[in-house]
Amino acid sequence: VGSQQRVLSAQIRGGQARLVGGPRDSTGNEWDIVVVEAGPSQIVHPESGLNVWVAPEALKAAISAGTFDTDSYRNHPTATDERDRPERNVDDKIGRVTQSRWDPSIRNSIDGKQYGGVVGRWTVFDEPIRARLMAAHAKNVTDLYDFSIYGPAETEAKVIEGKRWEYLVRMPKASVDLVTD
């Protein structure tokens, strides 16, 4: 692994997060989710334009710090939202992730390798979203919604497997937002 030791701090969004199976009970209030996968990601660093390599060590440290036991919102804020209202909108808070933990068996959805990832329990508070998730589950639709992490991150440029990446070093806080893609 080559490194250029350039540290950036930026808001990142993304991370191949998803529901795992169906609801935990018949109410549909709780679901198990993959919060974020380690390894190569589709997250594009907003300053360098490089994709982010999500380091297992950074995720484990974030779990210990409680980063992923966090609120969940309807969509990420837009650039206008970030500028005009940096705090999140209370009407968009739809759930909470708890019981975040490291799962070494998680395979990366980009290259299929087993780097591990963060899993947790998602509790949904928004009735229309809960009802849509239950209806989708009843029809075996597993990709109605996705989850995406959103928050500040520290990265450094590295070359991994012959490709330049922004290597995730630290993510001190995040939300785990419900998104369409």
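Everything in this summary refers to the structure shown in the same document. (Residues numbered from 1 in each chain as written. Predicted model: local features only at pLDDT ≥ 70, side-chain atom pairs only at ≥ 80, totals over all residues. Heavy atoms only, no water.)

## So, the environment of K158
Looking at the element boundaries, K158 is found in strand β8 (residues 146-160). Between the alpha carbons of K158 and Y145 there is a distance of 32 Å; along the sequence they are 13 residues apart. (Helix = DSSP H or I, 4+ residues; strand = E, 2+ residues; numbered from the N terminus.)

## Overview of the pairing of strand β10 (residues 175-179)
Among the 5 residues of β10, 5 are classified as buried, and the element is accordingly described as predominantly covered. The alternating pattern of β10 places S175, D177 and V179 on one face and V176 and L178 on the opposite face, and all of these are buried. Inspection of the sheet shows β8 paired to β10 by 5 bridges, in the antiparallel sense. Its bridge partner being in β10, Y150 is matched across the sheet by S175. (Buried < 20%, exposed > 50% of the residue type's maximum accessible area, 1.4 Å probe, protein only. Pairing = 2+ DSSP bridges.)

## Section: helix α1 (residues 56-64)
All buried positions along α1 are accounted for by P56, A58, L59, A62 and I63. Each buried residue of α1 sits inside an arc of 160° when the element is viewed along its axis, so together they form one side. Away from its buried face, by an angle of more than 90 degrees, α1 presents the exposed residues E57 and S64. Buried residues along α1 sit against β2 (30-37), β4 (51-54), β6 (93-103), β7 (117-124) and β9 (163-170). Following α1 by one or two positions, G66 has its phi on the positive side, about 80°. (Arc of directions from axis to C-beta. Contact = heavy atoms within 4.5 Å.)

## With respect to helix α3 (residues 127-138)
Its 12 residues give α3 an end-to-end C-alpha distance of 16 Å, which sits within 8% of 16 Å, the value for a rise of 1.5 Å per residue. Within α3 the residues assigned to the buried category are I129, R130, L133 and A136. Each buried residue of α3 lies within a common arc of 130° when the element is viewed along its axis, so the set occupies one face. Phi turns positive one or two residues past the end of α3, at N140, with a value near 60°. (Expected span 1.5 Å × (residues − 1).)

## Regarding the packing of aromatic side chains
By the definition in use, this model includes 3 aromatic pairs. Ring geometry for W53 and Y115: centres 5.5 Å apart, planes at 80°, overall edge-to-face. Taken as a pair, W53 in strand β4 and Y115 in the loop between β6 and β7 lie far apart in primary sequence, 62 residues in all. Overall, the relative accessible area of 8% leaves W53 in the buried class. Taking the centre distance of 4.8 Å and the plane angle of 75° together, the rings of W122 and F147 count as edge-to-face. With W122 in strand β7 and F147 in strand β8, the pair connects residues that are 25 residues apart, well separated along the chain. Accessibility classification places W122 together with F147 in one group, the buried group. Grouped by ring-pair contacts, the aromatic residues W53, Y115 and W165 constitute a single cluster. Across the ring face of Y73, the terminal group of R88 is positioned such that the distance to the ring centre comes to 4.1 Å. Between K163 and the ring centre of W165, over which it is positioned, the NZ or CZ distance is 4.3 Å. (Phe/Tyr/Trp six-rings, centres within 6.5 Å; stacked < 30°, edge-to-face > 60°. Lys NZ or Arg CZ within 6 Å of the ring centre and 35° of its normal.)

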